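# Descriptive structure summary
Here is what each chain is made of, one letter per residue.
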Number of protein chains: 2
Amino acid sequence: MSANKKCVVVLSGGPDSAIVAYWAKNQGYQVYPLTFKYGQIAAKETLAAQKIAENLSTNTKIIDLSALKDIFNQTTALVNRNIPLTSEFTPTIIVPFRNAIFLSVAVAYATTVEADNIFYGAHGSDEPFFPDSRREFYEAFEKAARLGTEQNINIHAPYSDKKKFELFKIGATLNVPLEITWSCYLDGEKHCGLCESCVNRKKAFYESNIADPTEYEN
Amino acid sequence: MSANKKCVVVLSGGPDSAIVAYWAKNQGYQVYPLTFKYGQIAAKETLAAQKIAENLSTNTKIIDLSALKDIFNQTTALVNRNIPLTSEFTPTIIVPFRNAIFLSVAVAYATTVEADNIFYGAHGSDEPFFPDSRREFYEAFEKAARLGTEQNINIHAPYSDKKKFELFKIGATLNVPLEITWSCYLDGEKHCGLCESCVNRKKAFYESNIADPTEYEN
């Protein structure tokens, strides 16, 4: 870690990155949230990110990379409504190299605001399924970031070794407004309650013994 | 190198990446060109990239990341007309971590077209000035790409050890239509002839002993 106390946090609007943003503020960092549109069906997560940032007394910089839908559309159900969603993990919910794309923009942003630190919400429950959520990935990426900017960039997922329900427990102690976060892969009025992300959200509330404030369709 | 003979080439519309695309085709690769808008003043380079792709009997996939201008605008003269351009290198012509952003999208694209290889136009004359043009950078990035996709991604700048004028010589032997490439950082009718990129273009034609077909304002 650097003595520099500015950080960019990749803030999706979901609970995991919200907890990371609150953790960073709690650690004394000046937080620069950064949110991406990438053609995801779940447009509501961007609105949730804005609300979370407001609760942190800041704004999130929203970068519209919706053109990437042209690429992601080929393989992923998160942007292509013709690819079916399921309640369990399937490779079609992997958005290829998404975290690297977001982190690379975060690095560029960090250099312009003179932040040495970039935090994101990868955690232990995602690691088995999403290769760009693993510590070995982001450590390699950090090395590339340092070489590619000649700056002392630190990239870190502070909850790499925690399960999602453990994050939720931490979130509760940090008073993260989990009720305003959005997890669903769809764009309904309420969380669908059936997609893999809704299932994981329900499970994390249940296992952390926190009352789930979410309204689900199912 | 992999046995897979598909490659994504980051094609800017400038001579260096055009030569790499021709090199790749000459090596027997099926070339998937990929071109980015990132808010650059030099909008003509995208048109040049299209023409180069047509000359290679293909199309370039143009990805519009113009929203990144919001970040690059802070520090770089290539997107912000209020930051003066000069004829020599200055840090204000560095677009922070640009190659990493482009390469990360190229990796995502490569996974969807099942290409193992990504080539880009970094070369020895750029290496001292642009950290994300160096071999040590792209080798680190390749490692991150393999970890982040669990695929055998190769990232390579085939002319890393060549000077720009040496590329031009190779380009001439490969019959690259250098006359349709665009180098200028501005968007005039002709190349300005004064910006750092025009100066390097002139120099490379001169040093390679190739007649310069470019029309310059100055």
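Residues numbered from 1 in each chain as written. Chains lettered and ligands numbered in written order. Predicted model: local features only at pLDDT ≥ 70, side-chain atom pairs only at ≥ 80, totals over all residues. Heavy atoms only, no water.

## Observations concerning the nonpolar core
Test applied: Residues belong to a common nonpolar core when they are buried Ala, Val, Leu, Ile, Met, Phe, Trp, Tyr or Cys residues joined through side-chain atoms within 4.5 Å. Working definition: with a 1.4 Å probe on protein chains only, accessible area under 20% of the residue-type maximum means buried, over 50% means exposed, and in between means partly exposed. It only takes one pair of heavy atoms within 4.5 Å for two residues to be counted as in contact.
Among the nonpolar cores identified, the biggest contains 153 residues, and Val8(A), Phe141(A), Ile155(A), Val8(B), Phe137(B), Phe141(B) and Ile155(B) are the most heavily contacted of them. Apart from residues no more than four positions distant in its own chain, Ile155(A) is found in contact with Leu103(A), Val107(A), Ile118(A), Tyr120(A), Tyr138(A), Phe141(A), Glu142(A) and Ala145(A).

## Examining the interface of chain A and chain B
Heads up, the rule is: For any pair of parts, buried area is found by adding up, for both, the accessible area (1.4 Å probe) each one loses once the two are put together. The term salt bridge refers to a side-chain nitrogen of Lys or Arg lying within 4 Å of a carboxyl oxygen of Asp or Glu. Numbering of helices and strands runs from the N terminus; a helix is a DSSP stretch of H or I covering at least four residues, while a strand is a stretch of E covering at least two.
Facing the 36 residues of chain A at the interface are 36 residues of chain B. Around 3000 Å² of area is buried between chain A and chain B when both sides are counted, 75% of it from carbon and sulfur atoms. Contact with chain B buries area across many residues of chain A, yet Ile71(A), Phe97(A) and Leu147(A) alone supply 21% of it, more than any other trio. Linking Glu150(A) and Arg134(B) is a salt bridge whose minimum nitrogen-to-oxygen distance equals 2.8 Å. Listed by contribution, the elements that provide at least two residues to the side of chain A that touches chain B are strand 3 (61–64), helix 3 (69–72), helix 4 (98–113) and helix 5 (135–149) of chain A.

## As for the sheet that holds strand 3 of chain A
All names here are of chain A. Test applied: In this analysis, strands are considered paired if DSSP registers two or more bridges between them. Every axis in this analysis is a line fitted to C-alpha atoms, fitted for helices over the stretch in contact. Angles between the N-to-C directions lie between 0 and 180 degrees.
Across the sheet, five strands lie side by side as 3-2-1-4-5; this open sheet has parallel pairing. Strand pairing shows two members of the sheet lacking a second neighbour, strand 3 and strand 5 (154–156), which therefore form its edges. Sheet twist, expressed as the mean angle between neighbouring strand axes with direction ignored, is 25 degrees. Inspection of the sheet shows strand 1 (residues 6–10) paired to strand 2 (residues 30–37) by five bridges, in the parallel sense. Looking at strand 2, one finds that Val 10 is bridged to Leu 34.

## Re helix 7 (residues 196–208) of chain B
Residues and elements named next belong to chain B. In plain terms, the rule: Take the number of residues in a helix, subtract one, and multiply by 1.5 Å to get its expected span.
Between its first and last C-alpha atoms helix 7 spans 18 Å; for 13 residues at 1.5 Å apiece the expected length is 18 Å, and the two agree. Along helix 7, the residues classified as buried are Glu 196, Ser 197, Cys 198, Arg 201, Ala 204, Phe 205 and Ser 208. Looking at the buried positions of helix 7, the neighbouring elements they touch are helix 1 (15–26) and helix 6 (164–173). Phi for Asn 209, located one or two positions after helix 7, is positive at around 65 degrees.

## Some details on the packing of helix 4 (residues 98–113) of chain B against helix 5 (residues 135–149) of chain B
Packed helix pairs are characterised by how far apart their axes lie and by the angle those axes make with each other. Residue and element names in this part refer to chain B. The test is simple: Here the angle decides the label: under 35 degrees means roughly parallel, over 145 means roughly antiparallel, 65 to 115 means roughly perpendicular, and every other value means oblique. Two helices crossing with the near one rotated counterclockwise from the far one by less than a right angle form a left-handed crossing, whereas a clockwise rotation gives a right-handed crossing. All amino acids are sorted into three groups, where Ala, Val, Leu, Ile, Met, Phe, Trp, Tyr, Cys and Pro are nonpolar, Asp, Glu, Lys and Arg are charged, and the leftover types, Gly among them, are polar.
Here helix 4 crosses helix 5 at 40 degrees, and the two axes come no closer than 11 Å. Compared by their axis directions, helix 4 and helix 5 come out oblique. Along this stretch, helix 4 crosses helix 5, giving a crossing that reads as right-handed. Facing Ala 100, Leu 103, Ser 104, Val 107 and Thr 111 of helix 4, the residues of helix 5 in contact are Phe 137, Phe 141, Ala 145 and Thr 149. Counted by class, the contact of helix 4 with helix 5 contains six nonpolar, three polar and no charged residues.

## Focus: the pairing of strand 3 of chain A
Residue and element names in this part refer to chain A. Definition in use: Here a crossover is taken to be right-handed if, once the strands point away from the viewer, the path from the first strand over the helix to the second is traced clockwise.
The alternating pattern of strand 3 places Lys 61 and Ile 63 on a buried face and Ile 62 and Asp 64 on a face that is not buried. Relative to strand 3, strand 2 is paired through four bridges, and the arrangement is parallel. Counted as the bridge partner of Leu 34 is Lys 61 from strand 3. The parallel pair strand 2 and strand 3 is bridged by helix 2 (residues 44–55), and the resulting crossover is right-handed.

## A few points about the pairing of strand 1 of chain A
Residue and element names in this part refer to chain A. Taking burial as the measure, the five residues of strand 1 include four buried ones, the bulk of the element. With helix 1 (residues 15–26) bridging strand 1 and its parallel neighbour strand 2, the resulting β-α-β unit is right-handed. As judged from the three bridges shared by strand 1 and strand 4 (residues 117–119), these two strands associate in the parallel manner. Residue pairing across strands places Val 8 opposite Ile 118, the latter belonging to strand 4.

## Focus: the sheet that holds strand 4 (residues 117–119) of chain B
Residue and element names in this part refer to chain B. Ordered by their spatial adjacency, five strands build an open sheet running 3-2-1-4-5, and the pairing between neighbours is parallel. A strand with exactly one partner marks an edge of an open sheet, and here the two such strands are strand 3 (61–64) and strand 5 (154–156). On average, adjacent strands in this sheet sit at an angle of 25 degrees to one another, irrespective of strand direction. Packing of helix 2 (residues 44–55) onto the sheet brings it into contact with strand 2 (30–37) and strand 3, and relative to strand 2 it is tilted by some 170 degrees.

## Considerations on the pattern of salt bridges
Think of it this way: side chains of opposite charge can pair up when their charged atoms draw near. With the rule as written, the count across this model stands at 17 salt bridges over all chains. Its salt-bridge partner being Lys61(A), residue Asp70(B) comes within 3.0 Å of it at the nearest N-O pair. Separated into two different chains, Asp70(B) in helix 3 (residues 69–72) and Lys61(A) in strand 3 make up a pair that spans both.

## A look at the packing of aromatic side chains
All names here are of chain B. Where we set the bar: Aromatic rings from Phe, Tyr and Trp, taking only the six-membered ring of Trp, are treated as a pair when their centres fall within 6.5 Å; an angle between ring planes under 30 degrees marks them as stacked, one over 60 as edge-to-face, and anything in between as tilted.
The tally for this structure, following the rule as stated, stands at 31 aromatic pairs over all chains. Taking the centre distance of 5.8 Å and the plane angle of 45 degrees together, the rings of Phe 137 and Phe 141 count as tilted. Of this pair, Phe 137 and Phe 141 both sit in helix 5, separated by four residues, roughly a single helical turn. Just as Phe 137 is buried, Phe 141 falls in that class too.

## Re the relation of the copies chain A and chain B
Our working rule: All copies are superposed by least squares; the fitting set is the C-alpha atoms of residues with a pLDDT of at least 70 in both.
Mapping chain A onto chain B calls for a rotation angle of 180 degrees and an axial translation of 0.0 Å; the resulting RMSD is 0.0 Å. Considering both components of the superposition, the chain copies are consistent with a two-fold axis. Taken together, the interface assignments show that 100% of the residues at the interface of chain A recur at the interface of chain B, consistent with an identical surface on both copies.

## So, the environment of Lys164(A)
Residue and element names in this part refer to chain A. The test is simple: Definition of a polar contact: a pair of N or O atoms within 3.5 Å, with one able to donate and the other able to accept a hydrogen when the atoms are protein atoms, and with sequence-neighbouring residues admitted only if both atoms are side-chain atoms.
By secondary structure assignment, the location of Lys 164 is in helix 6 (residues 164–173). With relative accessibility at 13%, the residue Lys 164 sits in the buried group. Each C-alpha atom, one on Lys 164 and one on Ser 208, is 8.8 Å from the other, the two residues being 44 residues apart in sequence. Setting aside residues no more than four positions away along its own chain, Lys 164 makes contact with Pro 15, Asp 16, His 123, Ser 125, Asn 200, Arg 201 and Ala 204. Polar side-chain contacts of Lys 164 include one of 3.0 Å to the side chain of Asp 16.

## Examining the confidence of the model for chain A
Rules: pLDDT gives the predictor's per-residue confidence on a scale running from 0 to 100.
Summarising the model, chain A shows a mean pLDDT of 97, and 99% of its residues fall at 70 or more. The ipTM assigned to the predicted complex is 0.96, against a pTM of 0.97.

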